[in-house]
Amino acid sequence: MNAIVELSYPFGGHWRVRNSPADRVPSHGTRLYASAYAIDFVPVDERDISARMGFQAFMRPEAPDRFAGFGRPILSPVAGTVVSAHDGEEDHTAYRGIPSVGYALTQYRRAAFGWRALAGNHVLVESNGVVVALCHLRHGSVAVRPGMRIRRGEVLGLCGNSGNSTEPHVHVQAMDGADIASAAPVQIVFSGRVPKSGEIVRAGRALA
């Protein structure tokens, strides 16, 4: 099996990179659930912000539909076979500013319920022995089911805020198997590179 897998960006439009393995490994501060090389993408608008940050947003949780990319299509970054699809989690409120502190302090509770509680609605796609996970999809949006053969770029679902998520985004990781408890992480690249945290990308092209 390849030590590195080449992916297409699973979206269109402007997205900001967060928690990139280009900056640190493990990228999310943990090696649990084969997440050492995982990467997050936050959808942003033409001003490169996910949602306007005012006093209310700083003080209180926000509805996910206030954010630019809530409901944007999430595309398959590979051609392959769907090995798992889960769509039973509600999209919860988003947390920035002061509410994000309280949300972070309760993460251990979500982690205690396992990977599904962290991933929220998600799809796993197997391609040449590598399984790619796309997580935090919008409730009711998952458009595929296990056993389906899909093409690169095919719509899997919509960007949501399910699972362990502070605002609408998509979490991407690759593994050497579909059993999250025993799988090993696989490094991922996009057009031969890994974008750094803070970069804005659009369909595989880094923007200045």
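A brief report on the enclosed structure follows. Note that the coordinates shown come from a computational prediction; the quantities given were computed from them, not determined experimentally.

Rules of the game
Residues numbered from 1 in each chain as written. Predicted model: local features only at pLDDT ≥ 70, side-chain atom pairs only at ≥ 80, totals over all residues. Heavy atoms only, no water. Phe/Tyr/Trp six-rings, centres within 6.5 Å; stacked < 30°, edge-to-face > 60°. Buried < 20%, exposed > 50% of the residue type's maximum accessible area, 1.4 Å probe, protein only. Helix = DSSP H or I, 4+ residues; strand = E, 2+ residues; numbered from the N terminus. Polar contact = N/O pair within 3.5 Å; in protein donor to acceptor, adjacent residues only side chain to side chain. Contact = heavy atoms within 4.5 Å. Salt bridge = Lys/Arg side-chain N within 4 Å of Asp/Glu carboxyl O.

Take the packing of aromatic side chains next. Any pair of aromatic rings gets described here by the distance separating the centres and the angle formed by the planes. Applying the stated criterion across every chain, the model contains 6 aromatic pairs. Taken together, a centroid distance of 5.5 Å and an interplanar angle of 40 degrees make the contact between Tyr9 and Phe11 tilted. Just as Tyr9 is buried, Phe11 falls in that class too. For the ring pair Phe41 and Phe190, a centre distance of 5.6 Å and an interplane angle of 90 degrees mean the geometry is edge-to-face. Remark: Phe190 occurs in strand β11 (residues 185-190) and Phe41 occurs in strand β3 (residues 39-43); sequence separation between them is 149 residues. The class for Phe41 is buried, based on a relative accessible area of 0%.

Along the chain, Ser27 falls in the loop between β2 (14-18) and β3. Reaching out from Ser27, the side chain makes a polar contact with the side chain of His28 at a distance of 3.0 Å. Reaching out from Ser27, the side chain makes a polar contact with the backbone oxygen of Ala38 at a distance of 2.5 Å. Setting aside anything within four residues of it in sequence, one finds Ser27 in contact with Asn19, Ser20, Pro21, Ser35, Ala36, Tyr37 and Ala38.

Given a relative accessible area of 1%, Phe190 falls into the buried group. Taking the C-alpha atoms as reference points, Phe190 and Ser8, 182 residues apart in sequence, are found 5.8 Å from one another. Contacts of Phe190, omitting those with residues within four sequence positions, involve Glu6, Leu7, Ser8, Tyr9, Pro10, Ile39, Phe41 and Pro195.

Counted by the stated rule, this structure contains 6 salt bridges. Note that Arg18 is salt-bridged to Glu167, the shortest N-O span being 3.1 Å. With Arg18 in strand β2 and Glu167 in the loop between β9 (155-158) and β10 (170-175), this residue pair connects regions lying 149 residues apart in the sequence. Taking the relative accessible area as the measure of exposure, Arg18 reaches 33% and is therefore partly exposed. Given a relative accessible area of 4%, Glu167 falls into the buried group. Across the pair Arg66 and Glu62 runs a salt bridge whose closest N-O atoms are separated by 2.3 Å. Glu62 sits in the buried class, given a relative accessible area of 4%.

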